[in-house]
Amino acid sequence: MEKTSQVSGYYKLKREERLAKVKEFAGLTDDEAKMLEAGLGFEQAEKMVENVVATFRLPLGIAVNFLINGKEYMVPMATEETSVVAAASNAAKMCRAFGGFKASSTDPIMIGQIQLLTKDAKKAKKAIEDNKKKILETANAKDPRLVSLGGGAKDLEVRIIKTGRGEMAITHLFVDVRDAMGANAVNTMCEAVTPLIEDATGDKTLLKIISNLADRRRAMAEVTVSSEELGGAAVVDAIVNAYEFAAADPYRAVTHNKGAMNGITAVIIATGNDSRAVEAGVHAYASITGRYKTITSWEKDGKGNLHGKIELPLAVGIVGGATMNPSAKINQKILGVKSAKELSEVMASVGLAQNLAALRALSTEGIQRGHMSLHAKNIAMMAGASGKDIDEIADVMVKEKNINVDRAKKLLDERKRSR
Ligand code: NAD
């Protein structure tokens with residue numbers, strides 16, 4: 001039987017049953033399944049950050065139904081936000097009818113910046129460019145493994161920028177980081193080439209650091225969704241109208257993009273990647289033209305179906321940094337990704353699915369209905385409910401459309417008195 005990520009009624013299964021399905025799908029060993037359940041241990045935590053006293057857990061949900069470039073994916077998502085996993089699964093299901101997502105990505109090129117303080121930026125630029133070959137060789141000597149894998153420093157460019165303290169010459173080192181996120185690799189190379197730049201120009205360098213605006217390392221995905229799957233022509237029009245609002249207004253665009261990042265960031269965290277690096281890069285990329293724009297776009301195609309696209313910088317890896325922690329490795333195994341490029345293509349597809357789900361909900365029933373049931377449970381817990389009381393109080397509040405802590409406390413008191 002062909003492997004599929006489509007599991008009907010996955011959400012209705014018990015947690016243990018869901019884990020068993022993932023274990024089977026991804027071929028996890030018993031130990032791996034146990035490690036996934038146990039989460040990060042103190043010993044690993046102490047190797048990751050300083051002054052550790054405990055670990056902080058997040059729910060790990062699995063989004064099902066993803067079909068990307070003809071391959072089936074179950075997607076581990078670490079998130080604290082209600083409805084994200086369900087919405088991604090639901091949207092991915094709707095996207096299957098026309099073959100799922102088509103995704104691609106650029107080479108994994110990161111940018112390292114070396115700041116030069118100079119009285120003559122033009123002269124400095126020329127001197128650095130004249131030494132390009134030597135600079136690239138020196139950078140590459142720092143990471144022979146990366147070079148042997150086909151990566152390494154590939155090129156450089158010198159930008160003259162006007163600052164509050166005069167012109168500065170900024171060298172951009174373009175490094176193909178292969179399957180790493182690349183920050184440490186690039187920072188090391190930038191530091192290594194600094195003496196060469198100082199010698200060539202006779203000037204002093206200051207900062208040597210990666211740029212999180214990874215605009216040369218982008219992932220793209222697109223999808224066509226049938227009008228019937230979405231609920232008819234009116235829903236397609238509503239989604240396109242909702243998108244055009246975001247395309248025209250940064251106040252809406254930022255929330256639109258946040259919706260896409262709900263999915264992407266959840267996969268970033270599950271795979272041990274750096275969410276701050278990606279978030280910073282995405283929002284800078286969205287405003288690179290001088291006006292903040294959406295990272296996705298939606299239109300009605302000639303047959304009345306919905307067509308959507310996403311494009312964003314995605315500096316994520318499957319080696320290096322915290323991607324090596326055991327839970328992150330198991331989540332990468334569940335995804336079945338073999339390269340950083342593939343991981344970024346999955347993330348772009350998840351972002352597009354998440355955005356579709358949010359736009360559909362917002363432009364039809366409103367976002368709150370989907371959120372209500374879990375939100376009501378959270379409110380019941382805030383009011384002090386436990387065990388069976390949580391679900392029963394939440395149900396009453398959802399039916400009454402009156403979900404607040406005061407009402408939950410009243411319902412809890414009534415239940416306690418009647419016992
Ligand atoms: P790393 O330092 O562990 O280096 C990864 C190494 O993996 C590379 O040097 C390369 O030689 C090697 N590599 C690449 N592809 C490979 C492959 N296919 N097989 C085997 N080896 C391969 O990790 P990194 O990715 O350079 O750094 C990422 C970390 O840096 C993240 O944890 C991030 O949070 C942190 N960081 C981020 C910033 C920032 O974003 N501004 C700044 C500093 C540090």
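Quick caveat: nothing in here was measured; it's all calculated off a predicted structure. (Residues numbered from 1 in each chain as written. Predicted model: local features only at pLDDT ≥ 70, side-chain atom pairs only at ≥ 80, totals over all residues. Heavy atoms only, no water.)

### Looking at helix α6 (residues 132–141)
By the burial criterion, the buried members of α6 are Ile135, Leu136, Ala139 and Asn140. Each buried residue of α6 sits inside an arc of 130° when the element is viewed along its axis, so together they form one side. Residues of α6 that are exposed and angled more than 90 degrees away from the buried face: Lys133 and Ala141. (Buried < 20%, exposed > 50% of the residue type's maximum accessible area, 1.4 Å probe, protein only. Helix = DSSP H or I, 4+ residues; strand = E, 2+ residues; numbered from the N terminus. Arc of directions from axis to C-beta.)

### A closer look at the environment of alanine 88
Residue placement: alanine 88 occurs in helix α4 (residues 84–94). For the pair alanine 88 and alanine 353, spaced 265 residues apart in sequence, the C-alpha separation works out to 5.7 Å. Setting aside chain neighbours within four positions, we find alanine 88 in contact with Ala63, Phe66, Met77, Ala353 and Gln354. (Contact = heavy atoms within 4.5 Å.)

### Details of the site of the ligand
Around the ligand, 21 residues are found, and the nearest of them are Asp143, Asp179, Gly182, Asn184 and Asp274. In this structure, asparagine 212 approaches the ligand through a side-chain N or O atom, which is 2.9 Å from an oxygen atom. A distance of 3.3 Å separates an oxygen atom of the ligand from a polar atom in the backbone of glycine 321. When the ligand sits alone it has 880 Å² of accessible area, and the protein chains cover 75% of it. If you list the elements that add at least two residues to the shell around the ligand, you get α7 (144–148) and α8 (183–201). The leading source of residues in the shell around the ligand is α8, at four residues. Taken together, the residues of the shell around the ligand break down into 10 nonpolar, six polar and five charged. Looking at the shell around the ligand, you find at least three residues from each of domain 1 (10–105 + 219–365) and domain 2 (109–210). (Near = heavy atom within 4 Å. Polar contact = N/O pair within 3.5 Å; in protein donor to acceptor, adjacent residues only side chain to side chain. Areas by Shrake-Rupley, 256 points an atom, 1.4 Å probe, with all protein chains shown as cover. Nonpolar A, V, L, I, M, F, W, Y, C, P; charged D, E, K, R; others polar. Domains from an automatic or database assignment.)

### Some remarks on the sheet that holds strand β3 (residues 102–105)
If you trace the four strands from one edge of the open sheet to the other, you get β3-β8-β10-β9, paired in antiparallel fashion. Since the sheet does not close on itself, it has two edges, and those belong to β3 and β9 (296–300), each with one partner. Each adjacent strand pair in this sheet contributes to an overall mean axis angle of 10°, direction not counted. Here strand β8 (residues 218–225) pairs with strand β10 (residues 306–313) via eight bridges, running antiparallel. Bridging across to β10, alanine 221 finds its partner in isoleucine 310. (Pairing = 2+ DSSP bridges. Axes fitted to C-alpha atoms, helices over the stretch in contact; angles between N-to-C directions.)

### Focus on the side chain of aspartate 176
Tracing the chain through its elements places aspartate 176 in strand β6 (residues 166–176). At 2.8 Å, the side chain of aspartate 176 and the side chain of arginine 178 are in polar contact. Once you skip the residues sitting within four places of it in the chain, aspartate 176 turns out to touch Asp107, Pro108, Ile109, Leu146, Gly150, Gly151, Gly152 and Lys154.

### Quick word on the packing of α4 against helix α14 (residues 340–363)
It is at 8 Å that the axes of α4 and α14 come closest, and there the two elements cross at 95°. Comparing their axes, α14 and α4 come out roughly perpendicular. Seen from α4, the contacting residues are Val84, Ala87, Ala88, Ala91, Ala92 and Met94; seen from α14, they are Ala353, Gln354, Leu356, Ala357 and Arg360. Considering only residue class, the contact of α4 with α14 consists of nine nonpolar, one polar and one charged. (Parallel < 35°, antiparallel > 145°, perpendicular 65-115°, else oblique.)

### Points about the sheet that holds β6
Overall, antiparallel pairing links the four strands, which are arranged β5-β6-β4-β7 in an open sheet. Two strands in the sheet have a free side with no partner beyond their single neighbour: β5 (152–163) and β7 (204–211). For this sheet the average axis-to-axis angle between neighbouring strands, irrespective of direction, equals 20°. Pairing of strand β4 (residues 109–117) with β7 involves six bridges; the strand directions are antiparallel. Along β7, the bridge assignment pairs leucine 116 with threonine 205. Each of β4, β5 and β6 is contacted by helix α5 (residues 121–130), which is oriented at about 175° to β5, the strand it contacts most. Contacts from α8 reach β4, β5, β6 and β7 within the one sheet, and its direction differs from that of β7 by about 155°.

### What about the packing of aromatic side chains?
Aromatic rings considered in pairs are described by the distance between their centres and by the relative angle of their planes. Using the criterion set out here, one finds one aromatic pair in the structure. Seen from their ring centres, phenylalanine 66 and phenylalanine 101 are 5.7 Å apart, and the 20° between their planes marks the pair as stacked. Of this pair, phenylalanine 66 sits in strand β1 (residues 60–68) while phenylalanine 101 is found in the loop between α4 and β3, placing the two residues 35 residues apart along the sequence. One exposure class covers both phenylalanine 66 and phenylalanine 101, and it is buried. The ring of phenylalanine 25 is capped by lysine 3, whose NZ or CZ atom sits 4.3 Å from the centre of that ring. (Phe/Tyr/Trp six-rings, centres within 6.5 Å; stacked < 30°, edge-to-face > 60°. Lys NZ or Arg CZ within 6 Å of the ring centre and 35° of its normal.)

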